[in-house]
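Tertiary structure, described
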Amino acid sequence: MSQQNNQNSELQNIRHSAEHVLTQAMQRLFPNKFLMAMGPATDDGFYLDFEPIGDFKVSENDFPQIEAEMAKIIKENLPIIKEEISLEDAKKLFSDNPYKMEWLNSIKDRGEAITIYKTGDEFTDLCAGPHVRYTKQIKAFKLLSIAGAYWHGDEKNKMLTRIYGTAFESKEELEKYLNNIEEAKKRDHRKLGKELEIYFYDDEIGQGLPLWLPNGGIIIEELEKLAKETEDKDGYSRVKTPHITKESLFLKSGHLPYYAESMYPPMEIDGDKYYLKPMNCPFHHKIYGNKPHSYRDLPIKLAEYGTCYRYEKSGELIGLMRVRSMQMNDAHIYCTEGQFEKTFMDVIKMYLYYFQVFGIEKYVMRLSTHSKEGLGKKYIDNEQLWIKTEDMVRNCLKNGNINFVEVADEAAFYGPKIDVQIYSAIGREFTLATNQVDFAVPERFSLEYTDEKGEKQIPLCIHRAPLSTHERMIGFLLEHFAGAFPTWLSPTQVKIIPITDGQLEYAQKIEKELKENNIRVEIDSKSETMQNKIRNAAGEKVPYMIIVGGREAENQTISVRQRDGQDLGIIPLNDFVSKIKDQITSKSITLIK
RNA sequence: GCCUGAGUAGCUCAGUCGGUAGAGCAACUCUCUUGUAAAGAGUAGGUCGUGAGUUCGAAUCCCACCUCAGGCUCCA
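Residues numbered from 1 in each chain as written. Chains lettered and ligands numbered in written order. Predicted model: local features only at pLDDT ≥ 70, side-chain atom pairs only at ≥ 80, totals over all residues. Heavy atoms only, no water.

1. Some words on the sheet that holds strand β17 (residues 363-369)
Selection rule: If DSSP finds at least two bridges between two strands, the strands pair. Helix and strand definitions here come from DSSP, where helices need a minimum of 4 consecutive H or I residues and strands a minimum of 2 consecutive E residues; each element is numbered from the N-terminal end. An axis is simply a line fitted to the C-alpha atoms; with a helix, the fit covers only the stretch in contact. Between two such axes, the angle follows the N-to-C directions and lies from 0 to 180 degrees. Two residues qualify as a contact provided that any one of their heavy atoms is within 4.5 Å of a heavy atom in the partner residue.
The mixed open sheet is built from eight strands, whose spatial order is β11-β15-β16-β23-β20-β19-β17-β18. The strands lining the two open edges of the sheet, one partner per strand, are β11 (236-238) and β18 (404-408). Across the sheet, the mean angle from the axis of one strand to that of its neighbour is 25°, orientation sign disregarded. Helix α10 (residues 281-288) contacts β15 (300-309), β16 (325-335), β20 (429-438) and β23 (460-464) of the sheet and is inclined by roughly 35° relative to β16. Together, β15, β16, β19 (417-423) and β20 form the strand contacts of helix α14 (residues 470-480), whose direction differs from that of β20 by roughly 145°.

In structure tokens, the structure reads:
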């Protein structure tokens, strides 16, 4: 759920008031069974956090009852009135609620006025407002889900119960919102991943460890081909590194003290501890350090689709978006300070090229910087270097006319990063990839190059992964394309549908011809109606169906139908082959017609 | 990891008050040989997530665990 924004629009007021009505309804139904903690409006609704008293519990089964009570309060059209009161009065009013008392103290510390909002005579809440004036102004609302949430968002605090809901200015808008959620569910990559046989999980293998089915394997191969082609043009070299390594490597890189909790526990072999790698960086550093380098050889770009393992907490795993084993489109670029801007921009350009390939139009580059408080804890303790590298990255983005937003206290421990936020067709936000500058770790690995004066210098390192991990990328692409991949990525590109068994031989001839052109093709030779075969192929989102009956076999032509229902009519086979091959090589995101 | 739910055939789901399970699709066999989004008949398929308990009897009730979903926390 997104953070509340501070705009005090009418919609925000409706939602905030709906939250008060929810709390009031709860008090009517479950008096003295809970302590209200807080409840704001958010970008898409509102929520209420409360602490249940004793063994009181609310579940989604209680929603109809609560909603009915809310509707009653709205129908009663109670006035919602703001009052300013003194600290003493407020403390009396909320003396039995530690959450409100804590809040009162923080208002006092900030020297702000204390305001309460009353709904009718029976409900009062400590609240800065604003609100609607009467409960009837809440025209449409719905409770959505129950969740747990830590007080102040801190896992050391008590877990409260949270009820999410939403409210709108009209019933139609609420309907539209709920419909959008339903549509989003249809495009969910977990649903499509199962239907299209892309990947699955197995209990005997483990949580967050996806198994890629043949269709998923094809997509992975295609993405790697794309990465190789693109990286080859930009001077990258490909390397391969092992999945496990001795503890000392991660002690040297500095990862272990920061990230031990997110790593699979080590295995003991011959007195050494070996870890599964959670990232590829130190391995690439070792490769860079394998021989001396001249400034003439820089930048050196080492690329690898490296498989990493991270022990994410079980509750954090989601489909392909958050996993424990991942194949990363990784590369590390070692360059001089003078080369930084161009090298960094080349990486940004690669991102933009990929966005174009996939038709990703909405994205945000987010510059994540350090925080003073985190120095020496979350971040390498060298403020000057932080400021310097952050300036370098910021200038680079500005000079390249790249739009970006800046967020403090989100950097990697070794340097600032650019997170690329992208949005699926249904508006879901993902961090696709991060692009990081590392000013600290090369020194720990004694990485160096010899400059034009013959002196040793430490290179800068850029970590980049524009195609993210296969897991997250394919999860995103499934939702982005709603499973209807562009032809070049489609597991099956052409389905041949013979109308009767009489055309089987002709179908095999076409299949052979397409296979010779490296087109992924299948014949549906089942004893079914053509209509049913079309339906199945469309369900599998196969871009093209070649339908052959007696007429086509006789004239040695084909009839082509696209998955979107468009008919390309009767065309010669070689015509179709050259068109589809063009489409595949140009990675077109649209179909022929 | 934490909070709230859920788990029945390969998939989507039904199963009343506790009386040991049903449908559609898919698979397989047979029939049909079809002109642009579902032909017909039959066969097979389940330790009801796992384990333990209450009971004469458990898919159903209790407990523990596993997995999934929505959140929280986290995300190199």
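There is more to say, and it comes next.
2. A few points about the side chain of Gln436
The cut-off we apply is this: Accessible area is worked out with a 1.4 Å probe on protein chains only. A residue is then buried under 20% of its type maximum, exposed over 50%, and partly exposed in between.
Its place among the elements puts Gln436 in strand β20. Taking relative accessible area as the criterion, Gln436 reaches 10% and is therefore assigned buried. Every residue in contact with Gln436, bar those within four places of it in the chain, is listed here: Ala412, Tyr414, Pro416, Lys417, Cys461, Ile462 and His463.

3. Considerations on the pairing of β17
How we decide: If you view a crossover with the strands going away from you and the path from the first strand over the helix to the second runs clockwise, you call it right-handed.
Where burial is concerned, most of β17 is hidden: five out of the seven residues are buried. The pairing of β17 with β19 spans six bridges and is antiparallel. Each bridged residue has a counterpart across the sheet, and for Leu367 the counterpart in β19 is Ile418. Summarising the sheet, β17 and β18 pair through five bridges and their orientation is parallel. Within β18, the residue paired with Met365 across the bridge is Phe404. Once the chain exits β17 it traverses helix α12 (residues 383-399) before rejoining the sheet at β18, and the crossover so formed is right-handed.

4. Things to note about the packing of helix α15 (residues 504-516) against helix α18 (residues 573-585)
Let me state the cut-off plainly: Here a crossing is called left-handed whenever its near helix is offset anticlockwise from the far helix by less than a right angle, and right-handed whenever the offset is clockwise. Each residue is assigned to one of three groups, with Ala, Val, Leu, Ile, Met, Phe, Trp, Tyr, Cys and Pro labelled nonpolar, Asp, Glu, Lys and Arg labelled charged, and all others, Gly among them, labelled polar.
At a minimum axis separation of 11 Å, α15 and α18 run at an interaxial angle of 35°. Crossing of α15 over α18 shows right-handed handedness. Listed contacts from α18 to Ile510, Glu513 and Leu514 of α15 are Leu573, Phe576 and Val577. Looking at the contact of α15 with α18 residue by residue, the class counts come to five nonpolar, no polar and one charged.

5. Some words on α15
For clarity, the threshold we go by: To estimate the expected span of a helix, subtract one from its residue number and multiply by 1.5 Å. Taking the helix axis as origin, the arc is that swept by the directions to the C-beta atoms.
Between its terminal C-alpha atoms α15 stretches 18 Å, which fits the 18 Å expected from 13 residues at 1.5 Å a residue. Burial in α15 covers these residues: Tyr506, Ala507, Ile510, Glu511 and Leu514. All buried residues of α15 project into a common sector of 145° when viewed along the axis, lining one side. Residues of α15 that are exposed and angled more than 90 degrees away from the buried face: Glu505, Lys509, Lys512 and Glu516. Contacts from the buried residues of α15 go to β24 (494-498), β25 (521-523), β26 (544-548), α17 (550-555), β27 (558-562) and α18. In the segment just after α15, Asn518 is the residue with positive phi, at about 60°.

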